[in-house]
Amino acid sequence: MSGDGLLTLRDVAVARGGLPVLAGVSFAIAPGEALVLRGPNGSGKTTLLRAIAGLQPVDAGAIEADPDAIAYAAHADGIKGTLTVAENLSFWAGLFGTDDISRALSAFNLVDLADRPAQALSAGQKRRLGLSRLIVTGRPVWALDEPTVSLDRASVGLFADAVRGHMEMGGAAVMATHIDLGIDARELDLTGYRAALPTSGAFDEAFQ
Amino acid sequence: MIRLLTRDLRLAIRAGGGFGLAVAFFLIVSILVPFGVGPDRATLAPVAAGILWVGALLACLLSLDRIFATDHEDGSLELLATSPVPLEALVAVKALAHWLTTGLPLTLAAPLFGVFLSLPPSGMPWLIASLAIGTPALSMIGAFGAALTVGLKRGGLLLSILVLPLYVPTLIFGADTVRRGIEDLGPMTPLTLLAGITLGAIALLPFAGAGVLRVNLR
């Protein structure tokens, strides 16, 4: 494991809705690396990514990362239907203090759609807009939850190119996905880290 | 943060944003009350201040659940929470955007609606002053309530019940300012207390709102 990792997890345990989901997860990601989280539905991929994004606390262990280094993309894209594609993107760009949206628009083939209201986009186009937000954040670590949902084959290719470009510029990515993106990435199967469900004797824990 | 404010204002003005809802509601109240209690100046004038303030308060309440709910539904709230903007600033900016789209138009429209309700002219400046000073507290308290109920489906009812008691002091001092202004009984006392509530709300509630948002986003 590299010492100058952008993101390091040490024995992380997370819970969803009060029930422990994962325990003992450890990995480190250095610049230029990508990690794909695998596991069946409900195995805790989303929960782990939310913890990495800082949206929920860990039960045990530690996540070592600069909180300002992580760009998170969830199932929902956070798109406002009444704003145009360019307006949606410029808003996020301004919020993250980067202002250039042209690279993000061209990376996801959105240039022709820039002036269209986001509510007139198809599901796949919305997803592309949601993913292009990652580029305008300018943050080194991308935490992606099922990024390829509703994307067609060509768009998946665009996304894989974007991730590759990001890694070449010294970025890193952690993503939960079921498909093969053709990216040079390590894989981590979360099935082996499933936390033991509390048995009947664990009532006291619920009141702690 | 200015980006966030301009985005929220733009969303409010575009179709379906709900801008004007509060003023329309305020207008309806001011028009219907004279029909209900009779147009007689002697009956309307004494209650005008109270009705205008109750109307403004309910108009404000009407749009509260939208403050965070729309952002929560489309996932923006989670993305905003992971953005460089601190949650405290997010709550404050949301409250400011709510005030600019409800409290401020209400304040500007109030003198006209005061005429509908036969509010004596001597009360007009106090009506404007009390609304201008008091409605920011309504938006700020409302933003806190909206942050509390953000994860709930149809949280509007719970939000109203939670927020209404917190609105009572603002209502009392606001309406009292206008009443004392009309009768020339020293309206500065309730107006100062009203300003105190507003300043206290602005100073404390962004932090409380950010705290409950953090819990609700888990």
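In this numbering scheme, every chain counts its residues from 1 along its sequence in written order. Chains carry letters and ligands carry numbers; both start at the beginning, A for chains and 1 for ligands, and go up in the order they are written. It should be noted that, the model being predicted, local features are given only for residues of pLDDT at least 70 and side-chain atom pairs only at 80 or more, the latter also being counted only at that level, while totals for whole chains, interfaces and linings use all residues. Heavy atoms throughout the structure, all of them, feed into the side-chain values; hydrogens and water do not.

**Brief notes about the overall build of chain B**
Right, on to step 1. The helix and strand labels rest on DSSP assignments: H or I over at least four residues marks a helix, E over at least two residues marks a strand, and numbering proceeds from the N terminus. Per the secondary structure count, chain B includes 9 helices and 0 strands.
Right, on to step 2. Seen in sequence order, chain B has helices and strands lined up from the N terminus as α-α-α-α-α-α-α-α-α.
Right, on to step 3. The C-alpha atoms of chain B give 18 Å as radius of gyration, which agrees with the globular expectation for 218 residues (17 Å, within 12%).
Right, on to step 4. Taken along the three principal axes of its C-alpha coordinates, chain B extends 55 × 35 × 30 Å.
Right, on to step 5. Surface summary for chain B: the accessible area is close to 9,500 Å², and the carbon and sulfur share equals 73%.
Right, on to step 6. For chain B, the separation between the mean place of its 13 positive charges and that of its 11 negative charges on side chains is 7 Å. Two things to know: the radius of gyration comes from C-alpha atoms, and the globule rule equals 2.2 Å times the number of residues to the power 0.38. To be clear on the numbers: accessible area is Shrake-Rupley with a 1.4 Å probe, and residue cover counts the displayed protein chains and nothing else. The charged-residue count follows a simple rule in which Lys and Arg add positive charge and Asp and Glu add negative charge, with His and chain termini not counted at all. Every charge is mapped onto a representative atom, which is NZ of Lys, CZ of Arg, CG of Asp or CD of Glu.

**Things to note about the sheet that holds strand E1 (residues 7-16) of chain A**
Residues and elements named next belong to chain A.
Right, on to step 1. Paired strands, as defined in this entry, are two strands with at least two bridges between them according to DSSP. Pairing is antiparallel in the open sheet, where 3 strands are placed in the order E2-E1-E4. The open sheet has two free edges, formed respectively by strand E2 (19-29) and strand E4 (60-64), since each of these has just one partner strand. Going from strand to strand, the sheet's axes swing by 30° on average, the running direction of each strand aside.
Right, on to step 2. Bridge count for E1 against E2 is 7 bridges, and the pairing is antiparallel. Considered in E2, the bridge of Thr8 is made with Ala28.
Right, on to step 3. Taken strand by strand, helix H1 (residues 45-52) contacts E1, E2 and E4, and its axis lies near 125° from that of E1. Note on geometry: axes are C-alpha line fits, over the in-contact stretch for helices, and angles between N-to-C directions span 0 to 180 degrees. Here, residues are in contact when the closest pair of their heavy atoms is within 4.5 Å.

**Some points on the confidence of the model for chain A**
If pLDDT is low for a region, its predicted coordinates should not be looked at in detail.
Right, on to step 1. Per-residue confidence from the predictor is reported as pLDDT, which spans 0 to 100. Across chain A, the average pLDDT comes to 84, with 92% of residues at or above 70.
Right, on to step 2. When pLDDT is averaged over each element of chain A, strand E6 (residues 141-145) of chain A comes out on top at 90 and helix H6 (residues 203-206) of chain A at the bottom at 50.

**With respect to the pattern of salt bridges**
Right, on to step 1. Salt bridges are identified by distance alone: a Lys or Arg side-chain nitrogen within 4 Å of an Asp or Glu carboxyl oxygen. Inspection of every chain in the model, using the stated rule, returns 17 salt bridges over all chains.
Right, on to step 2. The salt bridge involving Asp71 of chain B is made with Lys80 of chain A; its shortest N-O contact spans 2.5 Å. Note that Asp71 of chain B is positioned in helix H4 (residues 66-73) and Lys80 of chain A in the loop between strand E5 (70-73) and helix H2 (85-95), a pairing that runs across two chains. Lys80 of chain A carries the same exposure label as Asp71 of chain B, and that label is buried.
Right, on to step 3. A salt bridge links Arg10 of chain B to Glu87 of chain A; its shortest N-O distance comes to 3.6 Å. Placement of the pair is Arg10 of chain B in helix H1 (residues 2-13) and Glu87 of chain A in helix H2, with the two residues belonging to separate chains. Throughout this description, buried means an accessible area under 20% of the type-specific maximum (1.4 Å probe, protein chains only), exposed means over 50%, and partly exposed covers the range between.

**A look at the packing of aromatic side chains**
Right, on to step 1. Stacked, edge-to-face and tilted are the three classes for Phe, Tyr and Trp ring pairs, Trp counted by its six-membered ring, which pair at centre distances within 6.5 Å; planes under 30 degrees apart are stacked, over 60 edge-to-face, the rest tilted. Under the definition given, this model contains 3 aromatic pairs over all chains.
Right, on to step 2. An angle of 80° between the planes, with centres 5.2 Å apart, marks the rings of Phe26 of chain B and Phe113 of chain B as edge-to-face. Pair noted here: Phe26 of chain B is in helix H2 (residues 21-37) and Phe113 of chain B is in helix H6 (residues 87-116), with a separation of 87 residues, a long-range link.
Right, on to step 3. Through pairs of rings, three or more aromatic residues link up here, namely Phe26, Phe113 and Phe116 of chain B.
Right, on to step 4. Across from the ring centre of Trp92 of chain A, 5.4 Å away, lies the NZ or CZ of Arg133 of chain A, which sits over that ring.
Right, on to step 5. Note on criteria: charge over ring means Lys NZ or Arg CZ within 6 Å of the ring centre, with the direction from the centre no more than 35 degrees off the ring normal. The side chain of Arg7 of chain B reaches across the aromatic face of Phe91 of chain A, ending 4.4 Å from its centre.

**Considerations on the interface of chain A and chain B**
Many analyses report the size of an interface as the accessible area lost when the parts associate.
Right, on to step 1. Taken together, the 27 residues of chain A in the interface contact 22 residues of chain B.
Right, on to step 2. Buried area: the accessible surface (1.4 Å probe) lost by two parts on joining, summed over both. In this assembly, chain A packs against chain B so that about 2,200 Å² is buried in total across both faces, 61% of it on carbon and sulfur atoms.
Right, on to step 3. The three residues of chain A that bury the most area against chain B are Lys80, Phe91 and Leu95 of chain A, which together make up 28% of that side's buried surface.
Right, on to step 4. Summed over the shared surface of chain A and chain B, the number is 4 salt bridges.

**A word on the sheet that holds E6 of chain A**
All names here are of chain A.
Right, on to step 1. The strand order E5-E6-E7-E3-E8 describes an open sheet built from 5 strands, whose pairing is parallel. Single-partner strands in this sheet number two, and they are E5 and strand E8 (186-189). Strand-to-strand, the axes of this sheet are offset by a mean angle of 15°, without reference to chain direction.
Right, on to step 2. In this sheet, strand E7 (residues 172-176) lies alongside strand E3 (residues 34-38) in parallel orientation, the contact comprising 4 bridges. The partner of Ala34 across the bridge, within E7, is Ala173.

**What to know about unusual backbone geometry**
All names here are of chain A.
Right, on to step 1. In this structure, Asn109 is a non-glycine residue whose phi angle is positive, near 55°.
Right, on to step 2. On the secondary structure map, Asn109 appears in the loop between helix H3 (102-107) and helix H4 (123-137).
Right, on to step 3. One non-glycine residue, Glu146, lies in positive phi territory at about 45°.
Right, on to step 4. Tracing the backbone shows Glu146 in the loop between E6 and helix H5 (153-168).

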